[in-house]
Amino acid sequence: MSTATTPAVSPIVDEPVPQPVRWGDAELARLTTMVRQNSLFYYNGPQTTALVADFRKHYPLQHLFPCSSGTASLHIAVAALRLKPGEEIIVSPITDMGSVIGILYQQGVPVFADLDPRTYNLDPASVRRAITPKTRAIMAIHLCGNPCDMKALLAIAQEHNLVVIEDCAQAWGARHQGTPVGLMGDFGCYSFNDFKHIACGDGGMVGTNSAQYGPTLSKWGDKCYDRAGGTRDPEELAPNYRMSEPQSAVCVAQLGKLDDIVTKRNRAGSLLTARLQGIPGVLPPATHEGNFHSYWFYFLRLDLAKLKVSRADFVAALRAQGVAANAGYIPMPVYRYKVFQNHNFFGGTWPVRDYGATTMDYRKVDCPNAAAILEDGVTMPLNQAMSDAYIEKVARAIRTVAAQLAK
Ligand SMILES: *Cc1c(COP(=O)(O)O)cnc(C)c1O
């Protein structure tokens, strides 16, 4: 397809991808104060105390535990459920491994449900079909910053007495019908890893309003030690997933920038989505009416039946026009990863299956919508440094390429 790969003489997007300055004076000021402390330990640490107070201004959760990663935050939430081996948590097949790692370490079973083809979030009907007597929870993963259909998921959870864990790692600042993500389920879990909207290198936060689970969060992230009581006689097994003062110092400064970052990303993403409506062969992502998408990145689909070329050729044509487009997101649905296909979770074995607590066979799992999304999806960076003018160029480039390559 020479039309798809010949570089344009003058690309429509004639500038590099704008890059925001992510850390600066605010972080330095906090870090300077931090290094003059005589302890960098999180418990009662001034930076971590400030982090919890500031976090609560954005996410008013009663019980919060700052931790070492988003993966840790999700593991802590799962651990708080005290799963029996073989109990199940329903998850999305398009996510980060961090969503499922904690479930497997707690001897639980991730059960993959299929996705809505336009929001890329859990399809409530598929979730309903995935429920068994062993189901304990639904993990609502707000992919790319687009809120899940929480109304439907919460209704299913209530009907079946299930816990809802919200994975908000990609969805800082996103709102479902006006409510920030992480406040509607039983747990809200957040990531401060380097790539997220706000970041401290690596860090996380887990929170809940539950009087049952709330007081146990710290024990599941801090070796089951009782810091408040100062005693050491762990009743249960728990890892060390503590935050530390350097990370907290950076996080406090980052939280101060959250509203601005999210406002700008939503503006850029919404503008692009509006401009991509009605282009033959291009399917922009859908956001449910009343929800606020915080666009961690931009994820559209191609309607390949309406195009003359493959996804690879379409993406090559976009790149020739200066669009930083990539074919696909993760390479395959999570259940297709080697670790799942080989059930290789603990030294080549999977105790919960080997000892009869589950019959799950990941080689038989099939979520066709998730697979299709990854086969025709195109991702693009999106960030707070992108002006309207830049987004207009990206939209014009996509429109031009689609017009050339539509059937
Ligand atoms: C990033 C991410 C995680 C894990 O967060 P880490 O801080 O990298 O451990 C979990 N879930 C989703 C959806 C993510 O994007």
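Residues numbered from 1 in each chain as written. Predicted model: local features only at pLDDT ≥ 70, side-chain atom pairs only at ≥ 80, totals over all residues. Heavy atoms only, no water.

**Brief notes about the site of the ligand**
In step 1: Contacts to the ligand come from 14 residues, most closely from Gly70, Thr71, Asp167, Ser191 and Lys196.
In step 2: In the environment of the ligand, a nitrogen atom lies 2.7 Å from a nitrogen or oxygen atom belonging to the side chain of Asp167.
In step 3: In isolation the ligand has 370 Å² of accessible area, and contact with the protein removes 93% of it.
In step 4: Element by element, the count of residues in the shell around the ligand is highest for helix H4 (residues 70-80), at three residues.
In step 5: A per-class count over the shell around the ligand returns three nonpolar, eight polar and three charged. (Near = heavy atom within 4 Å. Polar contact = N/O pair within 3.5 Å; in protein donor to acceptor, adjacent residues only side chain to side chain. Areas by Shrake-Rupley, 256 points an atom, 1.4 Å probe, with all protein chains shown as cover. Helix = DSSP H or I, 4+ residues; strand = E, 2+ residues; numbered from the N terminus. Nonpolar A, V, L, I, M, F, W, Y, C, P; charged D, E, K, R; others polar.)

**Some words on the sheet that holds strand E3 (residues 109-112)**
In step 1: Spatial ordering of the open sheet is given by E1-E9-E8-E5-E4-E2-E3, a layout of seven strands whose pairing is mixed. Of all the strands in the sheet, just strand E1 (63-67) and E3 have a single pairing partner and so form its edges. The sheet shows a mean angle of 20° between the axes of neighbouring strands, taken without regard to direction.
In step 2: As paired strands, strand E5 (residues 163-167) and strand E8 (residues 187-191) are joined by three bridges and run parallel to one another. Residue pairing for E8: Glu166 is matched across the bridge by Gly188.
In step 3: Sheet strands in contact with H4 are E1, strand E2 (88-91), strand E4 (135-141), E5, E8 and strand E9 (204-208), and its direction is about 160° off that of E8.
In step 4: Strands in contact with helix H7 (residues 150-160) are E4 and E5; relative to E4, the strand with the most contacts, it is inclined by about 175°. (Pairing = 2+ DSSP bridges. Axes fitted to C-alpha atoms, helices over the stretch in contact; angles between N-to-C directions. Contact = heavy atoms within 4.5 Å.)

**A few points about the packing of aromatic side chains**
Any pair of aromatic rings gets described here by the distance separating the centres and the angle formed by the planes.
In step 1: This structure, assessed with the given rule, holds 26 aromatic pairs.
In step 2: An angle of 45° between the planes, with centres 4.6 Å apart, marks the rings of Tyr120 and Phe299 as tilted. Of the two residues, Tyr120 is situated in the loop between E3 and helix H6 (124-130) and Phe299 in strand E11 (residues 298-302); the sequence distance between them amounts to 179 residues.
In step 3: Given a relative accessible area of 2%, Tyr120 falls into the buried group. (Phe/Tyr/Trp six-rings, centres within 6.5 Å; stacked < 30°, edge-to-face > 60°. Buried < 20%, exposed > 50% of the residue type's maximum accessible area, 1.4 Å probe, protein only.)

**A look at the pairing of E9**
In step 1: Burial of E9 is extensive: five of the five residues sit out of reach of the surface.
In step 2: Side chains Gly204, Val206 and Thr208 project from E9 onto one buried face, and the interleaved Met205 and Gly207 project onto a second face that is buried too.
In step 3: Here five bridges tie E1 to E9, and the two strands are oriented antiparallel to one another. The residue bridging Cys67 from the neighbouring strand is Gly204, located in E9.
In step 4: As paired elements, E8 and E9 share four bridges and run antiparallel to each other. Looking across to E9, one finds that Ser191 is bridged to Gly204.

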